[in-house]
Protein chains: 2
Amino acid sequence: MGKNKNIRIKDIARMAGVSEGTVDRVIHNRGNVSVDTEKKIQGILEKTGYTSNPIARSLGSRKDYQIEVMIPNPKQDEYWQLSETGIDKALVEWEPYSIAINLKTFDLEDPNSFVQTCDTVLQSEPDAILTASVFYEETLAFSEKLQEVEIPYIVFNTQIDENIKKFDPLCFVGQNMYQSGMVAAEMMHIAMREPREIAVFHIHENVKSSIHLKEKEQGFRDYFTDFIQSDIKIHTFTFLDRKDSFEAQIEECIQQNDLQGIFVPTSSGAYLTSQALENQSKKDTILIGYDLLGKNIHYLNRGTINFLINQNPQLQAYQGVRHLVNHLLLNLEIPPAYLLPLEIITRQNYSSFMNNNY
Amino acid sequence: MGKNKNIRIKDIARMAGVSEGTVDRVIHNRGNVSVDTEKKIQGILEKTGYTSNPIARSLGSRKDYQIEVMIPNPKQDEYWQLSETGIDKALVEWEPYSIAINLKTFDLEDPNSFVQTCDTVLQSEPDAILTASVFYEETLAFSEKLQEVEIPYIVFNTQIDENIKKFDPLCFVGQNMYQSGMVAAEMMHIAMREPREIAVFHIHENVKSSIHLKEKEQGFRDYFTDFIQSDIKIHTFTFLDRKDSFEAQIEECIQQNDLQGIFVPTSSGAYLTSQALENQSKKDTILIGYDLLGKNIHYLNRGTINFLINQNPQLQAYQGVRHLVNHLLLNLEIPPAYLLPLEIITRQNYSSFMNNNY
DNA sequence: CTGAAAGCGCTAACAG
DNA sequence: CTGTTAGCGCTTTCAG
């Protein structure tokens, strides 16, 4: 019965004519081993293809791994609430393996709050960190510090230019934003009857300061101009926090423009636009948004929203933790990027996406 | 550092004034414990909310779990090849936990081959079984035997009526076929310009003997008749293995009928239909099929196939094993049904579905 | 019916 | 630099 086929530390110790302790030292590069024995053991290790038993290791080392997870305050935004769900799932899944997951949240609107959280997290000296990358510059600065203190980290949500010197996470978890814009455009193209004018709505967030919006818009535009070479007119409208509400601004916009389709790259923008569309009785306008927020599903069901693209924040967070665990516990190779599928959500399939995600 | 917050067997042994061995006996209902001590220990167990440490259990019991997995021969069908991929993934993932996964394949076309495999599998007395349910009656008979010998099993691929007495798997892994037909219809509806006549193509497999085809067709039809109350004409054509090839039969059919849309509920049917469509230069016909087979992707890329619905055979197999492991190793609650999302695949998003699925 | 004791494979503290 | 030793929490003989 026993797993006697697998070679144990004891076995290679015997083969090398040394003690288990010494073998353990070279396996974990703990030093204090002469070059000769080190080489000898290393050789046997490779020859036998030894792999350590993670179960035994976890039992033997009375180590509790601490993973810090940083996301915007879930109370501010349903999107991040979903993200928290995924973290909770990860939490219960790995609790029995002595992995503690500590959630730290920061203010979605305030970079300083993120910076403060970074400090707190650094002071707690965790074994690994998972952070949402919502603030570009600040995430970069944080990652630089993490490289210094050599804490492994994974970043999720928004891709950051990979070529930055001091940015080298274990892995990025997220989606290909550009391609996601292409998918949105494709669905709009399929659903539209007589396309003449369409628009991209940037609501609340400013395109300029937000890479993911820029990428999505570019993908969306490129589909029409390059891929199908249509001469459709594509507007861009930006709605920021001003004295008149978003709804009012949007209503005014759709009143003044005869749009057959609207693409809204932010998750909460879709339902705001829906409200405006319904108020203006423009139910024929094709509306494409993001994510399975409660209000988005409401309008999807009513037919006001035609499609949603699911960024699956739950899965993103869950997979982020998962990769960290694989790294910490199992020394597995972690892919530099883990891109989730671009899920197209409709009235008929959304419910199938709402339960089992793991 | 240690997980000293968690109560150990040693602790409750001390509390109950008995030895660890006795506690272990009541925890696992191994008998040989007086009613009094049993009750006492049981009480403490509940009061303290004791949960056993799966890591330690796995180390302590030198047990190698054997899981038998049964699928149709992957060489016969690319669909089952994908399935095998998922099993391989599971295999390497749980190998370090002393879980052995043994793949047994049978002939997709021959129920007897399945029955034989069942016997082989039963004789090996595995700890758990995962089987694809391609043959209705035979799967039922097998499950009956499994209940008798009390081997836990999970079934995936095709849902079997839950109300059958002797069919009670730990879990069913698959998709809601009916809803999947609805999704197909929805996409067809969105993509069609002037719908008058459409058809469901049953290729190779006969509807009558195949529940999943029946369900998918029903969902597809109900969408048009009930959900959007269209008076579109929906044909059903069945193409079986005869002297003239499938392609020839299909070509003849599309030549004689002016179809604006075709729904093909079997995965390999989609590319066969594509060929016929291209031969007849009917590229405007909306074609909806299933699954990310190489040839399907080829025609998706050419625009001949408009949409695919992904049944994600890899994930189905992987999740099946995963649930079995959760059951065996961690005593986790397993949901009676684990339904995968109904993924809509297009030219723009298919590649995002082809790598990370786990 | 019950307790004692030996281990699972690995880690870590401590001598030397 | 290296070996010995005592566990981690649970399972599993084996006596009694």
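What you see is a predicted model, and the numbers here were worked out from it, not measured in a lab. (Residues numbered from 1 in each chain as written. Chains lettered and ligands numbered in written order. Predicted model: local features only at pLDDT ≥ 70, side-chain atom pairs only at ≥ 80, totals over all residues.)

### Concerning the pairing of strand β1 (residues 65-72) of chain A
Residue and element names in this part refer to chain A. Selection rule: Around each residue's C-beta, the other C-beta atoms within 10 Å are counted; 20 or more make the residue buried, 12 or fewer make it exposed, and counts in between make it partly exposed. All C-beta atoms are placed from the backbone. Only DSSP runs of H or I covering at least 4 residues are called helices, and only runs of E covering at least 2 are called strands; the numbering of each starts at the N terminus. Two strands are said to pair when DSSP picks up at least two bridges between them. Handedness of a crossover is defined as follows: with both strands directed away from the viewer, a clockwise route from the first strand across the helix to the second makes it right-handed.
Among the eight residues of β1, six are classified as buried, and the element is accordingly described as predominantly covered. Across eight bridges, β1 lies against strand β2 (residues 99-106) in parallel orientation. Bridge assignment links Ile 67 to a residue of β2, and that residue is Ile 101. Assessed by its sense of winding, the connection that carries the chain from β1 through helix α5 (residues 78-94) to β2 is right-handed.

### Examining the environment of A:Glu150
Residue and element names in this part refer to chain A. Looking at where Glu 150 falls in the secondary structure, it is placed in the loop between α7 (136-149) and β4 (153-156). For Glu 150, a count of 6 C-beta atoms within 10 Å gives the class exposed. Sequence separation between Glu 150 and Leu 259 is 109 residues, and the spatial gap between their C-alpha atoms is 51 Å.

### Details of the protein's contact with DNA strand C
Rules: Whether a residue is near a molecule or strand depends on its C-beta atom, placed from the backbone, lying within 6 Å of it. Gly falls in the polar group here, along with every residue not listed as nonpolar (Ala, Val, Leu, Ile, Met, Phe, Trp, Tyr, Cys, Pro) or charged (Asp, Glu, Lys, Arg).
The full set close to DNA strand C counts 28 residues, and A:Ile9, A:Ala56, A:Gly60, A:Ser61 and B:Gly21 are the nearest of them. The set of elements that each furnish at least two residues to the surface near DNA strand C consists of α2 (20-27) and α4 (54-60) of chain A together with α2 (20-27) and α4 (54-60) of chain B. Here the surface near DNA strand C is built from residues that sort into seven nonpolar, 13 polar and eight charged.

### Thoughts on the interface of chain A and chain B
The test is simple: Residues are defined as contacting one another if the C-beta atoms placed from their backbone atoms lie within 7 Å.
Listed per partner, the contact involves 36 residues of chain A and 36 residues of chain B. For the side of chain A that touches chain B, the secondary structure elements donating two or more residues are α4, α8 (177-191), β11 (337-339) and β12 (343-345) of chain A. No other element matches the six residues that α8(A) contributes to the side of chain A that touches chain B. Residues that form the side of chain A that touches chain B fall into these classes: 18 nonpolar, 11 polar and seven charged.

### Regarding the protein's contact with DNA strand D
Close to DNA strand D lie 28 residues, the nearest being A:Gly21, B:Ile9, B:Ala56, B:Gly60 and B:Ser61. When residues of the surface near DNA strand D are traced back to their parent elements, those giving at least two are α2 and α4 of chain A together with α2 and α4 of chain B. Classifying every residue of the surface near DNA strand D gives seven nonpolar, 13 polar and eight charged.

### Concerning the sheet that holds strand β10 (residues 307-310) of chain A
Residue and element names in this part refer to chain A. Heads up, the condition is: Every axis in this analysis is a line fitted to C-alpha atoms, fitted for helices over the stretch in contact. Angles between the N-to-C directions lie between 0 and 180 degrees.
Overall, mixed pairing links the six strands, which are arranged β7-β6-β8-β9-β10-β12 in an open sheet. Only two strands of the sheet have a single partner each, and these edge strands are β7 (233-239) and β12. Between one strand axis and the next, the sheet turns through 20° on average, direction left out of account. Across three bridges, the pairing between strand β8 (residues 261-263) and strand β9 (residues 286-290) is parallel. Residue pairing across strands places Phe 263 opposite Ile 288, the latter belonging to β9. Docked against the sheet, helix α11 (residues 267-279) engages β6 (197-203), β8, β9 and β10, running at close to 155° with respect to β9.

### Examining unusual backbone geometry
All names here are of chain B. Even without glycine at this site, Asn 32 takes up a positive phi of about 60°. Relative to the elements of secondary structure, Asn 32 occurs in the loop between α2 and α3 (35-48). You will see that Asn 157, though not glycine, has its phi angle at about 95°, which is positive. Inspection of the secondary structure assignment puts Asn 157 in the loop between β4 (153-156) and β5 (171-174). The exposure class assigned to Asn 157 is buried, which follows from the 25 C-beta atoms found within 10 Å.

### Observations concerning helix α11 (residues 267-279) of chain B
Residues and elements named next belong to chain B. Across the 13 residues of α11, 10 count as buried, placing the element largely inside the fold. Looking only at α11, the buried set comprises Ser 267, Ser 268, Gly 269, Ala 270, Tyr 271, Leu 272, Thr 273, Ser 274, Ala 276 and Leu 277. Immediately downstream of α11, the backbone of Ser 281 shows phi near 55°, a positive value.

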